[in-house]
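In case you want the letters, here they are:
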Amino acid sequence: VVKLLGSLVPEEPRLARKLLDPLATIVRNTQAKSLLYEAVYTITLSLPYARKADGSMPASMPSIVALCAETLKTFVEEQDQNLKYLGLVGFGSLMVSHPKVLSSPDYRPLVLACLSDEDVTIRTRALDLLTGMTTRKNLRELVTQLLRHVDLATGEYKSD
């Protein structure tokens, strides 16, 4: 049902604002990883459509974005590669409406650590997120770390 609601948001943008708070409640209260992810992902899909008619954002927007980011962080910190991958996909979706969310020092080490993951899909997804993490202040640090990873990379991943 949550997934279906998320797919309806582009067709009925007003639905986005109505979904944010109930989905945030699900995120705060559920322990089921699959429901947790679908609720967070649906929120990230709804965020670009959540503006009010006057162009302002709902008052709860900052706390909902922070909730999504923290929840996705817990997914990326998991040992389970599938959950880690879902967390990175969720961050990519969150960056569509909030491109600076990963530039925070709270998330940078987490994504950079994924560049060294054994799973090439995790490494590739982390690499995709680096563009949203880059600021003038951290550009040198990120380039230095990327060059280190290039030296250690092998196969097709290295050429990408």
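Right above here is the structure, for reference.
Described in the following lines is the structure provided in the data block. Computed from a prediction, not measured in an experiment: that's the story for all the values here.

1. What about the overall build of the protein?
Each helix and strand counted, the protein has nine helices and zero strands in total. Listing every helix and strand of the protein by position from the N terminus yields α-α-α-α-α-α-α-α-α. Expected size for 160 residues packed as a compact globule is a radius of gyration near 15 Å; at 17 Å, the protein falls within 12% of this value. Its C-alpha atoms put the protein at 50 × 35 × 25 Å along the principal axes. Considering the protein as a whole, with its 160 residues, one finds that 43% of them fall into the buried category. In the form shown here, the protein has an accessible surface area of approximately 9,100 Å², with 56% of it arising from carbon and sulfur atoms. Here the protein contributes 19 positively and 18 negatively charged side chains, and the mean placements of these two sets differ by 8 Å.

2. Section: helix α5 (residues 81–97)
The end-to-end C-alpha distance of α5 is 26 Å, a good match for the 24 Å that 17 residues give at a rise of 1.5 Å each. Buried within α5 are the following residues: Leu83, Lys84, Gly87, Leu88, Val89, Gly90, Phe91, Ser93, Leu94 and Met95. Contacts made by the buried residues of α5 are with α3 (33–46), α4 (61–77), α6 (108–114) and α7 (120–133). The N-capping residue of α5, defined by a side-chain oxygen 2.7 Å from the backbone nitrogen of Asn82, is Asp80.

3. With respect to the pattern of salt bridges
Under the defined criterion, the tally for this structure stands at five salt bridges. Among the ionic pairs, Asp117 bridges to Lys84, the shortest N-O distance being 3.0 Å. Of this pair, Asp117 sits in the loop between α6 and α7 while Lys84 sits in helix α5, and the two are 33 residues apart along the sequence. The pair Asp117 / Lys84 is uniform in exposure class, with both members buried.

4. Concerning the packing of aromatic side chains
One pass over the full model with this rule turns up three aromatic pairs. Aromatic pair Tyr37 and Tyr41: ring centres 5.6 Å apart, planes at 20 degrees, arrangement stacked. Of this pair, Tyr37 and Tyr41 both sit in helix α3, separated by four residues, roughly a single helical turn. By way of ring pairs, the aromatic residues Tyr37, Tyr41 and Phe75 are connected into one cluster. Positioned above the aromatic ring of Phe75 is the side chain of Lys33, whose terminal nitrogen or guanidinium carbon lies 5.4 Å from the ring centre.

5. Structural notes on the packing of α3 against α4
In contact at an axis separation of 10 Å, α3 and α4 are set at 140 degrees when each is read in the N-to-C sense. The angle between the axes of α3 and α4 places the two elements in the oblique class. The crossing of α3 and α4 is left-handed. On the side of α3, the interface is formed by Lys33, Leu36, Tyr37, Val40 and Ile43, while α4 contributes Ile64, Cys68, Thr71, Leu72 and Phe75. For the contact of α3 with α4, the class distribution of residues is eight nonpolar, one polar and one charged.

Criteria and cut-off values
Within any chain, residue numbers begin from 1 and follow the written order of that chain's sequence. Per-residue local features of the predicted model are confined to residues with pLDDT of at least 70, and side-chain atom pairs are confined, for both listing and counting, to 80 or more; whole-chain, interface and lining totals are unaffected and use all residues. For the side-chain quantities, the full set of heavy atoms in the structure was used; hydrogens and water were omitted. By the criteria applied, helices consist of DSSP H or I runs no shorter than four residues and strands consist of E runs no shorter than two, each listed in order from the N terminus. Both definitions apply: the radius of gyration is a C-alpha atom measure, and the globule rule equals 2.2 Å times residues to the power 0.38. With a 1.4 Å probe rolled over the protein chains alone, any residue whose accessible area is under 20% of its type maximum counts as buried; one over 50% counts as exposed, and the rest are partly exposed. In this description, accessible areas are obtained by the Shrake-Rupley approach with a 1.4 Å probe, and a residue is regarded as covered only by the protein chains that are shown. Only four residue types enter the tally: Lys and Arg on the positive side, Asp and Glu on the negative side, with His and both chain ends excluded. By convention, the point assigned to a charge is CZ for Arg, NZ for Lys, CD for Glu and CG for Asp. To estimate the expected span of a helix, count its residues, drop one, and scale the result by 1.5 Å. Contacts are residue-level and defined by heavy atoms, with any inter-residue pair within 4.5 Å sufficient. Under the rule applied, a polar contact is a pair of N or O atoms within 3.5 Å (in protein, one hydrogen donor and one hydrogen acceptor; residues adjacent in sequence only if both atoms are side-chain atoms). Between Lys or Arg on one side and Asp or Glu on the other, a salt bridge is scored when a side-chain nitrogen of the former is within 4 Å of a carboxyl oxygen of the latter. Pairs were defined over the aromatic rings of Phe, Tyr and Trp, the Trp ring being its six-membered one, requiring ring centres within 6.5 Å. Orientation was assigned from the angle between planes: stacked under 30 degrees, edge-to-face over 60, tilted for the rest. Each ring is checked for a lysine NZ or an arginine CZ that lies within 6 Å of its centre and within 35 degrees of its normal; such an atom marks a charge sitting over the ring. Here, axes are lines fitted to C-alpha atoms. For helices the fit covers the stretch in contact, and angles between N-to-C directions go from 0 to 180 degrees. Each angle gets one of four labels, with under 35 degrees taken as roughly parallel, over 145 as roughly antiparallel, 65 to 115 as roughly perpendicular, and the rest as oblique. The sense of a crossing depends on the near helix, which, turned anticlockwise from the far helix by less than a right angle, makes the crossing left-handed and, turned clockwise, makes it right-handed. When residues are sorted by character, Ala, Val, Leu, Ile, Met, Phe, Trp, Tyr, Cys and Pro go into the nonpolar class, Asp, Glu, Lys and Arg into the charged class, and all the rest, Gly among them, into the polar class.

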